[in-house]
Amino acid sequence: MNPALVTRREGAVLVLSNNNQAARNALSPEYYHAVMEALRAAGTDASVAAVILTGEGGHFCAGGDLNQLATRREMPLAERRLRLEDLNHLMRAIRDCPKPVIAAVEGAAAGAGLSLAMACDMLVAARSAVFSVAYVKVGLTPDGGATSFLAEFMSRQLLTELCLTGERISGERMHAYGCINRLTEPGQALAQALELAQQLAQGPEVATARIKALCRVAHSHSLEQQLALEADHMVEAQGSEESREGIAAFLEKRAPDFARLRGA
């Protein structure tokens, strides 16, 4: 049996690829648990600088498995909620991983697949990729943080339209909304995501984790809250070996060597 998750290393980059190709990489409990475990391990592994989430076979993720979802109507409400928490735990694991997590999207990112892509810190997608908040078409409502993630980029009116119509959104349109960092030609999303991840891998490990944490809460914090959090991180960073190396490299007109400090 094929594993739910295919993992490989590209230098300091960990690539995690959904392998449910027969169902266009629909989500499964096995996938949730495998990705969460991989993210936890990556968070404490100094040799991993960034993580990419992608999908095998030309699709990112078709969302929840409707065959599995159809059986849940017979379950008590409490058990249905418990099953849904696996998805929520995955979104939290992406948020809480100290390493940058990048989505590389080809083909479909629908339903919870859209949530998964949007949960990542950065998103690289092909022009031909198709995104959809498709729940309404099968009588369901969004989950996995879809409405929260999309609300960071668009008005309430537009968010409501996309959720109530379930219409297909092109990669180009998502890029115009500001949801996509890099828009690529078809078949090039993973290559471009690797290029971006390898660029991040040259940066300072601890400062990168702190910057990710700051960016994660910037849209929800008040200015005073964010000023205080930025100050906390800055005073810590000023005493670090990373800042010692970075400032010395700048003054000496050379490239900083943060890689030697990883795990120190």
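Residue indices begin from 1 for each chain and proceed along its sequence in written order. With the structure being a predicted model, the display of local features is reserved for residues of pLDDT at least 70 and the display and counting of side-chain atom pairs for 80 or more, all residues being used for whole-chain, interface and lining totals. Think of the side-chain values as coming from all heavy atoms in the structure, minus any hydrogens and water.

An unreviewed UniProt entry lists the protein under the name Carnitinyl-CoA dehydratase, from Comamonas testosteroni. UniProt positions are given in the numbering used here, feature names are shortened, and annotations may be inferred rather than shown by experiment. The UniProt entry for the protein carries the following text under Sequence similarities (unreviewed entry): "Belongs to the enoyl-CoA hydratase/isomerase family."

**Student:** Mind showing me how you'd approach the overall build of the protein here?
**Tutor:** For the purposes of this entry, the term helix denotes a DSSP run of H or I that reaches at least four residues, the term strand denotes a run of E that reaches at least two, and both are numbered from the N terminus. Along the protein, the regular secondary structure elements total 11 helices and 9 strands. Dimensions of the protein, computed from the C-alpha atoms along their principal axes, are close to 65 × 45 × 40 Å. With the model as given, the accessible surface of the protein reaches about 13,600 Å², and the carbon-plus-sulfur share is 55%. Under this rule, positive means Lys or Arg and negative means Asp or Glu; His and the chain ends count for nothing. By convention, the charge on Lys lies at NZ, on Arg at CZ, on Asp at CG and on Glu at CD. Positive and negative side-chain charges in the protein, numbering 26 and 30 respectively, have mean positions lying 3 Å apart. The method behind every accessible area is Shrake-Rupley, applied with a 1.4 Å probe, and residues are considered shielded solely by the protein chains displayed.

**Student:** Looking at this model, I keep getting lost on the pairing of strand β3 (residues 50–55). Mind explaining?
**Tutor:** Looking down a regular strand, the side chains alternate between one sheet face and the other. Whether a residue is buried, partly exposed or exposed follows from its accessible area with a 1.4 Å probe, protein chains only, as a fraction of its type maximum: under 20%, in between, or over 50%, in that order. The element β3 is largely enclosed, with a buried count of 6 among its 6 residues. Residues of β3 alternate between two faces, with Ala 50, Ile 52 and Thr 54 on one and Val 51, Leu 53 and Gly 55 on the opposite face, all of them buried. DSSP-based pairing: two strands are paired if at least 2 bridges between them are found. In this sheet, β3 lies alongside strand β2 (residues 13–18) in parallel orientation, the contact comprising 6 bridges. Counterpart to Val 15 in the pairing with β3 is Ile 52. Each parallel crossover has a hand, and the one from β2 via helix α1 (residues 29–43) to β3 is right-handed. Looking down the strands as they point away from you, a crossover is right-handed if its path from the first strand over the helix to the second goes clockwise.

**Student:** Got a minute to help me understand the nonpolar core in this structure?
**Tutor:** Burial of nonpolar side chains together is a common tendency in soluble globular proteins. Within this scheme, the nonpolar core is defined by two criteria: the residues are buried Ala, Val, Leu, Ile, Met, Phe, Trp, Tyr or Cys, and they are joined through side-chain atoms within 4.5 Å. By size, the foremost hydrophobic cluster in this structure holds 53 residues, and its most contacted members are Val 105 and Phe 131. Of all the elements, α1 adds the most residues to this core, at 7 residues. If we skip the residues at most four places from it in the chain, Val 105 touches Phe 60, Ala 117, Leu 123, Val 124, Ala 125, Ala 126, Ala 129, Phe 131 and Ala 189. Within the second largest apolar cluster, 13 residues are counted, among which are Val 13, Ala 104, Leu 194 and Leu 196. Whether two residues are in contact is decided by their heavy atoms, any of which lying within 4.5 Å being enough.

**Student:** Explanation requested: the domain arrangement of the protein in the structure shown.
**Tutor:** The figure often quoted for interface size is the accessible area lost as the parts come together. Throughout, the edges of the domains are those of an automatic or database domain assignment. Looking at the protein, the domain boundaries give domain 1 (5–201) and domain 2 (205–261). Of note, the centres of domain 1 and domain 2, computed from C-alpha atoms alone, are 27 Å apart. Between domain 1 and domain 2, the contact holds 12 residues from the first and 6 residues from the second. What counts as buried area is the accessible surface, traced by a 1.4 Å probe, that two parts surrender upon association, with contributions from both included. Counting each side, the surface lost to burial between domain 1 and domain 2 is near 710 Å², with a carbon and sulfur contribution of 49%. A per-residue breakdown of the area domain 1 buries against domain 2 is headed by Arg 95, Pro 98 and Glu 152, which together make up 44% of the total. For this analysis, a salt bridge means a side-chain nitrogen from Lys or Arg found within 4 Å of a carboxyl oxygen belonging to Asp or Glu. For the pair domain 1 and domain 2, the number of links is 3 salt bridges. Between Asp 121 and Arg 216 there is a salt bridge, with the nearest N and O atoms lying 2.8 Å from each other. By the criterion applied in these results, polar contacts are pairs of N or O atoms within 3.5 Å in which, for protein atoms, one can donate a hydrogen and the other can accept it, and in which residues neighboring in sequence qualify only through two side-chain atoms. The tally of links from domain 1 across to domain 2 stands at 6 residue pairs in polar contact (both at pLDDT 80 or more). Of the residues contributing to the side of domain 1 that touches domain 2, the split by class is 8 nonpolar, no polar and 4 charged. Basically, the charged four are Asp, Glu, Lys and Arg, the nonpolar ten are Ala, Val, Leu, Ile, Met, Phe, Trp, Tyr, Cys and Pro, and anything else, Gly included, counts as polar.

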